[in-house]
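Residues per chain, in single letters:
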Amino acid sequence: MLKRNLLALGLAVLAGPVLAKGLDITVAGEANGTIHIELLDDVAPKHVEQITALAAEGAYDGVVFHRVIEGFMAQTGDVQFGRMGDGFDMRRAGMGGSDREDLPAEFSDESFDRGVVGMARSMDPNSANSQFFIMFAPAPHLNGQYTVVGRVTEGMDVVDTIKRGTGGNGAVIGEPDVMTKVVVTE
């Protein structure tokens, strides 16, 4: 019995990070559908805690994808300036965060591969707050520089159809795609 339990423990360790919580993101616009993200709370517990708290409060509902770069990533999560509605100004989307504290970096050995979700930040590694991005393609230059918080496990076809931005910074012009509803899953 002990040998079997040790073998199971060894297999669990080899399997990689435990995927505990997740997010279901309903997207509308050029992309329509649901994206499921498994969150890596054993890799970035403080970041996962913040994202799930914001999602549970409904803070991400109605927030646009404001920066989308073909072959790189789609960024969203500005709960301060990125929410559609009265007074919304697309030029300000991406400039804010939430009323919560910025987070200290939780860098890991996780690679920024296709479908990986990372936390956006300023030049300060300890400035992540509410914004996150989903990778269209691998970007090894981000490894160890940004906090990985999860992976898309369903809906990459939806991610692939998110409206692209223009120019070097990928700013979305006109009608952006929007996260209409973000729900925490167990």
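In what follows, the structure referred to is the one given above.
What you see is a predicted model; the values in this text were computed from it and never measured.

Draft legend 1. Region of the structure containing the environment of Ser130. Along the chain, Ser130 turns up in the loop between strand 6 (116-119) and strand 7 (132-135). Separated by 70 residues in the primary sequence, Ser130 and Tyr60 have C-alpha atoms spaced 8.8 Å apart. Sequence-distant contacts of Ser130, that is, excluding residues within four places in its chain, are made with Leu54, Tyr60, Gly77, Asp78, Val79, Gly97, Ser98 and Met119. From its side chain, Ser130 meets the backbone oxygen of Gly77 in a polar contact 2.7 Å long.

Draft legend 2. Broad picture of the sheet that holds strand 7. Read from one edge to the other, the open sheet built from nine strands follows the order 3-9-1-2-8-6-7-5-4, with strand pairing classed as antiparallel. Edge strands, defined here as strands with exactly one partner in the open sheet, are strand 3 (63-64) and strand 4 (67-69). Relative to strand 5 (residues 73-76), strand 4 runs antiparallel, the two sharing three bridges. Residue Arg67 lies in a different strand from strand 5, and its bridge partner there is Gln75. Here helix 2 (residues 45-56) sits on the sheet and contacts strand 1 (21-28), strand 2 (33-39), strand 6, strand 8 (148-154) and strand 9 (178-185); the angle it forms with strand 9, its principal contact strand, is near 115 degrees.

Draft legend 3. Molecular detail of the layout of surface pockets. In this structure, the largest pocket spans a volume of roughly 340 Å³. Residue composition of the lining of the largest pocket, by class: eight nonpolar, 10 polar and two charged. If you add up the space inside the second largest pocket, you get close to 160 Å³. Along its surface, the second largest pocket is lined by His66, Arg67, Met90, Arg91, Ala93, Asn169, Gly170, Ala171, Val172, Ile173 and Gly174. Its residues placed into classes, the lining of the second largest pocket shows five nonpolar, four polar and two charged.

Draft legend 4. Region of the structure containing the side chain of Asp78. Within the secondary structure, Asp78 is located in the loop between strand 5 and strand 6. Comment: no salt bridge for buried Asp78; closest opposite-charge side chain is Arg92, at 8.0 Å. From its side chain, Asp78 meets the backbone nitrogen of Gly94 in a polar contact 2.7 Å long. Within polar-contact distance, the side chain of Asp78 engages the backbone nitrogen of Gly96 at 2.9 Å.

Draft legend 5. A look at the pattern of salt bridges. Applying the stated criterion across every chain yields a total of six salt bridges. For the salt bridge of Lys181 with Asp61, the shortest nitrogen-to-oxygen distance reads 3.2 Å. With Lys181 in strand 9 and Asp61 in the loop between helix 2 and strand 3, this pair connects stretches of sequence that are 120 residues apart. On the basis of relative accessibility, which here comes to 43%, the residue Lys181 falls in the partly exposed class.

Draft legend 6. Summary view of the nonpolar core. The biggest cluster of nonpolar side chains holds 38 residues, and the ones touching the most others in it are Ile25, Ile35, Ile37 and Tyr60. A total of four residues in this core trace back to one element, the largest contributor, which is helix 2.

Draft legend 7. Region of the structure containing the pairing of strand 6. Here strand 6 shows no split at all, with Val116 and Gly118 on one side and Val117 and Met119 on the other all buried. Looking at chain direction, strand 6 and strand 8 are connected through three bridges and run antiparallel. Counted as the bridge partner of Val116 is Arg151 from strand 8. Sheet topology places strand 6 next to strand 7; three bridges connect them, and they run antiparallel. The partner of Val117 across the bridge, within strand 7, is Ile134.

Conventions adopted
- Residues numbered from 1 in each chain as written.
- Predicted model: local features only at pLDDT ≥ 70, side-chain atom pairs only at ≥ 80, totals over all residues.
- Heavy atoms only, no water.
- Helix = DSSP H or I, 4+ residues; strand = E, 2+ residues; numbered from the N terminus.
- Contact = heavy atoms within 4.5 Å.
- Polar contact = N/O pair within 3.5 Å; in protein donor to acceptor, adjacent residues only side chain to side chain.
- Pairing = 2+ DSSP bridges.
- Axes fitted to C-alpha atoms, helices over the stretch in contact; angles between N-to-C directions.
- 1 Å grid on protein atoms, 1.4 Å probe; cavity = no way out; pocket = protein on both sides within 12 Å on 5 of 7 lines; lining within 4 Å.
- Points joined across faces, edges and corners; volume = space filled by probe spheres on them.
- Nonpolar A, V, L, I, M, F, W, Y, C, P; charged D, E, K, R; others polar.
- Buried < 20%, exposed > 50% of the residue type's maximum accessible area, 1.4 Å probe, protein only.
- Lys, Arg positive; Asp, Glu negative; His and termini not counted.
- Salt bridge = Lys/Arg side-chain N within 4 Å of Asp/Glu carboxyl O.
- Core = buried A, V, L, I, M, F, W, Y, C linked by side-chain atoms within 4.5 Å.

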